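Architecture at a glance
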Amino acid sequence: MSSIFNNNIWLKQKCFVTPQADFQHHHFDPSKVDLGRACLVAFSSDLFAQLSEALPTADEDFTWPYHTTPLKLCTTPGGKRFALHFPSYGSVRIANSLEQLKTCGIKYVFGLGLGGSLQEDIAIGDVFLLEGAVRGDGTSRYYAPDEYPAVPDFALTSQLREALEANHEKYHLGLSFGTDALYREEESLIGQLSELGVISIDLESSAFLTVGRRLGLKCAWVGVVSDRLVGAKHEGTIHSGHVMEALSRLSGYIVQIIDQSL
């Protein structure tokens, strides 16, 4: 069995580019900005736009230096400041975003995502809560060896589970598969993942959970099934109405957790 333990790249020795240097290049000083302690990461540009319009703004003058990966400062109903962020798509982008969020003082990160169902009994629009991810991405291998697990923070995941149950949400608890190759989700791979009991596939979860933990961030992921990869066909569209409605409800639970617990 090959292992990245045979390579020291993930030890992070004398990197040429750092988040601090990148911020400086963009004339942004993270020490002068209060993003709060928590961030809600929306893994959908449409969802970010919807939430950005609905959530109260904490600072109208705040400007995030990266236009393609927007971040808005928001407040909870109780007046607690938090960040709303869209990192764009894929493992590379979420890894970079987590590095930047950590540099800005963020401690807790909630991933609100979409995934393709791999199981016959999981329907489009269903909610799923991750216990971990199978690492099919390439980015996380720069942060940890292959044997390192992609797992969420237990306390945050428990709070999300309590919120789902308190609001009588039906949900699935299990593992995802994070991939870098949307157009290489072929039948043999999907069949093996399904047989292993993996419930969903997406482009970010494995990097999100692995990189977040390696950086010392407390991360958790909840999402909605946007499509299905079962049998010999693909079903569904990414942003159908009831999927977006479910994501909106989940965002409310996350904001409540930030407001009352973090």
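Structure: see above.
These lines cover the structure that appears in this document, whether it is placed above or below. These numbers come from a predicted model, not from an experiment.

Across its full length, the chain carries seven helices and nine strands. In terms of overall dimensions, the chain has a C-alpha envelope of 50 × 45 × 30 Å along the principal axes. In the chain, buried positions account for 52% of the 262 residues. Restricting the contact set of the chain to residue pairs at least 6 apart, pairs at least 24 apart contribute 78%. For the chain, the accessible surface area stands at approximately 12,600 Å², while carbon and sulfur atoms represent 52% of it. Taking the average location of the 21 positive side-chain charges in the chain and that of its 31 negative ones, the two points are 8 Å from each other.

Counting across every chain of the model gives seven salt bridges. For the salt bridge of E120 with R228, the shortest nitrogen-to-oxygen distance reads 3.7 Å. With E120 in the loop between strand 4 (108-117) and strand 5 (127-136) and R228 in strand 8 (residues 218-230), this pair connects stretches of sequence that are 108 residues apart. Classification of E120 as exposed rests on a relative accessible area of 59%. Put simply, R161 and E165 hold a salt bridge, and the shortest N to O gap is 3.6 Å. With R161 and E165 both in helix 4 (residues 154-166) and four residues apart, the pair spans about one turn of that helix. Judged by its relative accessible area of 45%, E165 is partly exposed.

Once that is clear, we can look at the pairing of strand 8. Of all the 13 residues making up strand 8, 12 are buried; the element is thus mostly covered by neighbouring parts of the structure. Bridge analysis of strand 4 against strand 8 gives 10 bridges, and the strand direction is parallel. Bridging from a neighbouring strand, F110 pairs with A220 of strand 8. When strand 5 meets strand 8, the two strands line up antiparallel, connected through three bridges. Looking at the pairing, V127 lines up with V224 of strand 8. Bridge analysis of strand 8 against strand 9 (residues 233-235) gives three bridges, and the strand direction is antiparallel. Among the inter-strand pairings, R228 is bridged to a residue of strand 9, identified as E235. Between strand 8 and strand 9, which pair antiparallel in sequence order, lie two residues; one of them, G231, sits at a positive phi of approximately 65°.

Within the secondary structure layout, D137 lies in the loop between strand 5 and helix 4. Taking the C-alpha atoms as reference points, D137 and F177, 40 residues apart in sequence, are found 8.7 Å from one another. Apart from the residues within four sequence positions on either side, D137 is in contact with S91, G178, T179, D180, S206 and A207. Of note is the side chain of D137, whose polar atom sits 2.5 Å from the side chain of S206.

What follows is about helix 2 (residues 45-54). Listing the buried residues of helix 2 in full gives L47, F48 and L51. The arc that holds the buried residues of helix 2, viewed along the axis, is 100°, so those residues lie on one side. The N-cap residue of helix 2 is S44: its side-chain oxygen and the backbone nitrogen of D46 are 3.4 Å apart.

Okay, the packing of aromatic side chains next. Under the definition given, this model contains 11 aromatic pairs. Considering the side-chain rings of F23 and W64, the 5.8 Å spacing of their centres and the 75° angle between planes classify their relative orientation as edge-to-face. Taken together, the positions of F23 in helix 1 (residues 19-25) and W64 in the loop between helix 2 and strand 2 (71-75) put the pair 41 residues apart, joining distant regions of the chain. For F23, a relative accessible area of 1% translates into the label buried.

On to helix 4. For helix 4, with 13 residues, the first-to-last C-alpha span of 18 Å sits near the 18 Å given by 1.5 Å per residue. Tucked into the core, helix 4 has its buried residues touching strand 4, strand 5, strand 6 (171-179), strand 8 and helix 7 (241-261). In this structure D153 caps helix 4, since a side-chain oxygen of it lies 3.2 Å from the backbone nitrogen of A155. Positive phi appears at H168, one or two residues downstream of helix 4, with a value of about 55°.

In this section: the packing of helix 4 against helix 7. Viewed as axis vectors pointing N to C, helix 4 and helix 7 meet at an angle of 120°, and their least axial separation amounts to 10 Å. In this view, helix 4 runs oblique relative to helix 7, as classed from their interaxial angle. Once helix 4 is placed against helix 7, the crossing between them reads as right-handed. Taking contact as the criterion, the partners of Q159, L160, A163 and L164 in helix 4 are, on helix 7, L250, Y253, I254, I257 and S261. Of the residues in the contact of helix 4 with helix 7, the class split is seven nonpolar, two polar and no charged.

Calculation rules
- Here the residue index of a chain counts from 1 through its sequence in written order.
- Note on the predicted model: pLDDT of at least 70 is required for a residue's local features to be given, and 80 or more for side-chain atom pairs to be given and counted; whole-chain, interface and lining totals, by contrast, use all residues.
- Side-chain metrics rest on all non-hydrogen atoms present in the structure, leaving aside hydrogens and water.
- A run of DSSP states H or I qualifies as a helix once it reaches four residues; a run of E qualifies as a strand once it reaches two. Both are numbered from the N-terminal end.
- Partly exposed describes any residue whose relative accessible area lies between the buried limit of under 20% and the exposed limit of over 50%, with all areas from a 1.4 Å probe on protein chains only and scaled to the type maximum.
- Contacts are residue-level and defined by heavy atoms, with any inter-residue pair within 4.5 Å sufficient.
- We get accessible surface area from the Shrake-Rupley algorithm with a probe of 1.4 Å; when it comes to residues, only the shown protein chains can shield them.
- When charges are counted, Lys and Arg contribute as positive and Asp and Glu as negative, whereas His and the chain ends are disregarded.
- For charged residues, the charge sits on one atom: NZ in Lys, CZ in Arg, CG in Asp, CD in Glu.
- We count a salt bridge whenever a side-chain nitrogen from Lys or Arg sits within 4 Å of a carboxyl oxygen from Asp or Glu.
- Paired strands, as defined in this entry, are two strands with at least two bridges between them according to DSSP.
- Contacts described as polar in this section are N or O atom pairs within 3.5 Å, which, within protein, must combine one atom able to donate a hydrogen with one able to accept it, while residues neighboring in sequence count only if both atoms come from side chains.
- It is the directions from the helix axis to the C-beta atoms that the arc portrays.
- Classification of ring pairs uses Phe, Tyr and Trp, with its six-membered ring standing for Trp, and accepts pairs whose centres are within 6.5 Å; under 30 degrees between planes counts as stacked, over 60 as edge-to-face, and the remaining range as tilted.
- What a helix should span is 1.5 Å times the count of its residues minus one.
- Axis definition: a line fitted to C-alpha atoms, over the contacting stretch in the case of helices. Angles run 0 to 180 degrees between N-to-C directions.
- Orientation is classified from the angle alone, with under 35 degrees giving roughly parallel, over 145 giving roughly antiparallel, 65 to 115 giving roughly perpendicular, and any other angle giving oblique.
- Each crossing gets its hand from how the near helix is turned against the far one by less than a right angle, where anticlockwise is left-handed and clockwise is right-handed.
- Only Asp, Glu, Lys and Arg are considered charged in this grouping, and only Ala, Val, Leu, Ile, Met, Phe, Trp, Tyr, Cys and Pro are considered nonpolar; every other residue, Gly among them, is considered polar.

Note that all results are geometric; they support no functional claim without further evidence.
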